[in-house]
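Descriptive structure summary
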Amino acid sequence: MLARTLPAPVFARRRRTLMDLMGANSVALLPAALEAPRNRDVYYPFRQDSDFYYLTGFPEPEAIAALIPGAEQEFLLFCRDRDPHMEIWHGRRAGPQGAKERYGADNAHPIAELDKILLPLLENRERVYYAIGYHPDFDEQVMSWINQTRAKARIGVQAPVTFIALEHLLHPMRRCKETEEIAVMRESARIACEAHCRAMQICRPGMMEYEIEAEFFHTFLRNGAGWSYPAIVAGGDNSCILHYTENNAELHDGDVLLIDAGAEVDGYASDITRTFPVNGRFSAEQRVIYELVLAAQKAAIDKVRPGCHFNEPHDAAVHVLTEGLIALGLLQGNVDEAIKAETYKQFYMHRTGHWLGMDVHDVGSYKTGEDWQVFAPGMVTTIEPGLYIPAGSQIADGCWAQLGIHLESDVDERWQRIGVRIEDDVLVTEGEPEVLTAGVPKEIDAIEALMRKTHG
Ligand code: GLY
Ligand code: MN
Ligand code: MN
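In this report, we go over the structure that sits alongside the text. This structure is a prediction, so every number in the text was calculated from the model and none was measured. (Residues numbered from 1 in each chain as written. Chains lettered and ligands numbered in written order. Predicted model: local features only at pLDDT ≥ 70, side-chain atom pairs only at ≥ 80, totals over all residues. Heavy atoms only, no water.)

1. Details of the site of ligand 1
The following threshold applies: We call a residue near a molecule or strand when any one of its heavy atoms sits within 4 Å of it. Throughout this description, a polar contact denotes any pair of N or O atoms lying within 3.5 Å of each other; where both atoms belong to protein, one of them has to be capable of donating a hydrogen while the other can accept it, and for residues adjacent in sequence the pair is counted only when both atoms sit in side chains. Note on areas: Shrake-Rupley with a 1.4 Å probe; residue coverage comes only from the protein chains shown.
Taken together, the neighbourhood of ligand 1 is formed by Tyr229, Asp260, Asp271, His354, His361, Glu384 and Glu423. His361 has a polar side-chain atom sitting 2.7 Å from an oxygen atom of ligand 1. Taking Glu384, its side chain carries an N or O atom lying 3.1 Å from an oxygen atom of ligand 1. In the complex, the protein chains occlude 90% of the 200 Å² of accessible area that ligand 1 would expose alone.

Structure, rendered in structure tokens:
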């Protein structure tokens, strides 16, 4: 993860908010992410745990944060001790002193002293908040502390009796972005837009998918960013594989190229998909499918408003897509029947969006009981409808099979090998939805104009 940009008071404010929600007599425990071995002596690039980072801004592995509302020292950090030998080989460490000075810990200790210092702090606390069930080793460690505390019952010590999933309090906080986070997300979006524009300008028949992928690495790194998920660079029929990441095929004249790629800045993701013709000119069929997806995307974005609920963009997109597919003869029946029978799913099999933030599929529930989450200012969702018509497609009998009528037939070849997804990141505001990723074109004329700049 690259340099931290959010100032320390942001993290302090979040801790205060969380601790006020937790109330007295409680403690929250958060572990840093684990380092993941890749192969002999080599590790995957370290990426901090999102919850841990959200509350601490502390970038190192082998650390635990404890939040104890009302205690004399409310925020404790346990972290790696300074070690000149290890720091020469592997890089600098904050150490407990740095944890206090730079990360706002009320006190900090070497991680080796964790048991000794934490155990007394659990005594006579009623509630423990942590990410129950996500990290098996940490679950075991917490239970071991609890059992050691229980063992002191006969000397009058009371062990915590209530264990609460921390996400219950923390993830609604993360779902609603603060002003400072929105600024970082705008930067993440800006960088990803720059990369997508560059890809449109550089693409030409005969290139390999990975050459286009390289443009994303180039742009992200030049801007001090990383990637938020492995890029999908999918030409021709590969555009119909939703999570295609091989990125090793040649790009052919006459094919579409679907690119789903986003940047990560200071832990915040962008997530953009654009689809365009490899040769810079949409064919008649590509144009029809593309315009249909674009209309569905616009209808969905229009529902990203306070008062609308999370499923309204999906419903809007499905309606436009289904109507269009029926008009093209790719689905049968009337719109309501086809939506009810979900026949559109043979060409549109995923949902229209997800929360976006520190995690590309960000935290925060989508439903409470039977009710969808209602949008409120500060929430960020992707809007990403698509249509996918791979080679060898058939029009399945869908809803008509229920009536005993069999309609399965080949999809006309001219529609095949066209996968289109258009994905933007949309901020809910008091007024109009704000598309954070408007910096990369999605109108056909604008895409073709941008591509012409290097196509002569
Ligand atoms: N890039 C993953 C997604 O769009 O959900
Ligand atoms: Mn997405
Ligand atoms: Mn995406």
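Now, onward.
2. A few points about the coordination of the manganese ion (ligand 3)
As a reminder, the rule being used: Coordinating N, O and S atoms are those within 2.8 Å of the metal (3.2 Å for Na, K and Ca), and as water is not part of the atoms, a site may appear to have fewer donors than expected. Geometry is assigned from donor-metal-donor angles: four donors are tetrahedral when every angle falls between 85 and 135 degrees, four are square planar and six octahedral when opposite donors sit over 155 degrees apart with all other angles between 65 and 115, and any other arrangement is irregular.
Those protein atoms acting as donors to the manganese ion (ligand 3) are Asp260 (OD), Asp260 (OD), Asp271 (OD) and Glu423 (OE), and they sit at 2.0 to 2.5 Å. One way to put it: the six donor atoms around the manganese ion (ligand 3) meet at angles of 56 to 169°, and that makes the site irregular. Coordination of the manganese ion (ligand 3) draws on donor residues from a single chain, spaced D-x10-D-x151-E in sequence.

3. Focus on the packing of helix 1 (residues 8-22) against helix 7 (residues 167-175)
Our working rule: Convention adopted: a line fitted to C-alpha atoms gives each axis, helices being fitted over their contacting stretch, and angles between N-to-C directions are expressed from 0 to 180 degrees. Runs of H or I in DSSP of at least four residues are treated as helices and runs of E of at least two as strands, each being numbered from the N terminus. Throughout this description, any angle smaller than 35 degrees is read as roughly parallel, any larger than 145 degrees as roughly antiparallel, any in the 65 to 115 degree range as roughly perpendicular, and the remainder as oblique. Whether a crossing is left-handed or right-handed is set by the direction in which the near helix is turned from the far one by less than a right angle, anticlockwise for left-handed and clockwise for right-handed. The criterion used for residue contact is that any of the two residues' heavy atoms lie within 4.5 Å.
Their axes nearest at 10 Å, the elements helix 1 and helix 7 cross at an angle of 140°. With respect to helix 7, the axis of helix 1 lies oblique. Handedness of the crossing formed by helix 1 with helix 7: right-handed. In contact with Arg14, Thr17, Leu18, Leu21 and Met22 of helix 1, helix 7 contributes Leu169, Leu170 and Met173.

4. Description of the packing of aromatic side chains
Keep this limit in mind: Within 6.5 Å between ring centres, the rings of Phe, Tyr and Trp (the latter by its six-membered ring) count as paired, and their orientation is classed by plane angle as stacked under 30 degrees, edge-to-face over 60, tilted in between. Accessibility here uses a 1.4 Å probe with only protein chains present; expressed as a share of the type maximum, an area under 20% marks a residue as buried, one over 50% as exposed, and anything in between as partly exposed.
Enumeration over the complete set of coordinates arrives at twelve aromatic pairs. Ring plane angle 85° and centroid distance 4.9 Å describe the contact between Phe58 and Tyr103, whose orientation is recorded as edge-to-face. Within this pair, whereas Phe58 is found in the loop between helix 2 (50-56) and strand 4 (64-67), its partner Tyr103 is found in helix 4 (residues 95-103), the two being separated by 45 residues in sequence. By relative accessible area, Phe58 is classed as buried at 0%. Taking the relative accessible area as the measure of exposure, Tyr103 reaches 12% and is therefore buried. Ring centres 6.0 Å apart and planes at 75° place the aromatic pair Phe216 and Phe220 in the edge-to-face group.

5. So, the sheet that holds strand 11 (residues 256-261)
What counts is decided by this rule: Strand pairing is defined by DSSP finding a minimum of two bridges between the two strands.
Read across the sheet, three strands follow the order 10-11-14 without closing on themselves; strand pairing throughout is antiparallel. Both edges of this open sheet fall to strand 10 (232-235) and strand 14 (272-277), since each of them pairs with a single strand only. Ignoring which end each strand starts from, the neighbouring axes of this sheet average 10° apart. Bridge count between strand 11 and strand 14: six bridges; the pairing is antiparallel. Bridge pairing in strand 14 links Asp260 to Thr273. Of the strands in this sheet, strand 11 and strand 14 are in contact with helix 8 (residues 179-202), which crosses strand 14 at around 15°.

6. Concerning the nonpolar core
Nonpolar side chains tend toward joint burial in soluble globular proteins. Condition: Nonpolar cores are built from buried Ala, Val, Leu, Ile, Met, Phe, Trp, Tyr and Cys residues. Side-chain atoms within 4.5 Å join them into one set.
If you look at the biggest cluster of nonpolar residues, it comprises 108 residues, and the most contacted ones within it are Leu18, Phe58, Leu77, Ile212, Leu257, Ile259 and Leu387. The element contributing the most residues to this core is helix 8, with eleven residues. Discounting residues that sit within four places of it in the chain, Leu387 has contacts with Ile289, Leu292, Val293, Leu321, Leu325, Phe347, Tyr348, Ile418, Gly419 and Val420. Counting residues in hydrophobic clusters, the runner-up holds 18 residues, among them Leu118, Leu119, Leu122 and Val142.

7. A short note on the coordination of the manganese ion (ligand 2)
Protein-derived ligands of the manganese ion (ligand 2) are Asp271 (OD), His354 (NE2), Glu384 (OE) and Glu423 (OE), with the metal-ligand distances lying across 2.0 to 2.2 Å. Of note is the manganese ion (ligand 2), whose six donor atoms meet at the metal with angles of 51 to 153° in an arrangement that counts as irregular. Here the donor residues of the manganese ion (ligand 2) share one chain and are spaced in sequence as D-x82-H-x29-E-x38-E. In this structure, the manganese ion (ligand 2) lies 3.3 Å away from the manganese ion (ligand 3), the two metals sharing Asp271 as a donor. In this pair, Asp271 sits in the loop between strand 13 (268-269) and strand 14 while Glu423 sits in the loop between strand 21 (418-421) and strand 22 (424-427), placing the two residues 152 residues apart along the sequence. The class of Asp271 is buried, set by a relative accessible area of 3%.

8. Examining the packing of helix 8 against helix 9 (residues 209-222)
A pair of packed helices is captured by two measures, namely the crossing angle of their axes and the spacing between those axes. This is how the line gets drawn: Residue polarity is assigned by list, with Asp, Glu, Lys and Arg as charged and Ala, Val, Leu, Ile, Met, Phe, Trp, Tyr, Cys and Pro as nonpolar; anything else, Gly included, falls into the polar class.
Running from N to C, helix 8 and helix 9 cross one another at 145°; their axes reach a closest spacing of 9 Å. Crossing angle aside, the handedness with which helix 8 passes helix 9 is right-handed. Listed contacts from helix 9 to Ile191, Ala192, Glu194, Ala195, His196, Arg198, Ala199 and Ile202 of helix 8 are Ile212, Glu215, Phe216, His218, Thr219, Phe220 and Arg222. Looking at the contact of helix 8 with helix 9, its residues break down into eight nonpolar, three polar and four charged.

9. With respect to the pairing of strand 11
Most of strand 11 is tucked away, with six of its six residues classed as buried. Alternating residues of strand 11 divide into Val256, Leu258 and Asp260 and Leu257, Ile259 and Ala261, and every residue in both groups is buried. Sheet topology note: the strand 10/strand 11 ladder contains four bridges and is antiparallel. When the bridges of strand 11 are listed, Val233 appears paired with Ile259.

10. Here's the deal with the pattern of salt bridges
Where we set the bar: The term salt bridge refers to a pairing of a side-chain nitrogen on Lys or Arg with a carboxyl oxygen on Asp or Glu at a separation within 4 Å.
Evaluated as defined, the whole model comprises 31 salt bridges. We note a salt bridge from Glu434 to Arg186, for which the minimum N-O separation is 2.2 Å. Pair noted here: Glu434 is in strand 23 (residues 434-435) and Arg186 is in helix 8, with a separation of 248 residues, a long-range link. On the accessibility criterion, Glu434 (26% relative accessible area) is partly exposed. Accessibility expressed as a relative area gives 37% for Arg186, which makes it partly exposed.

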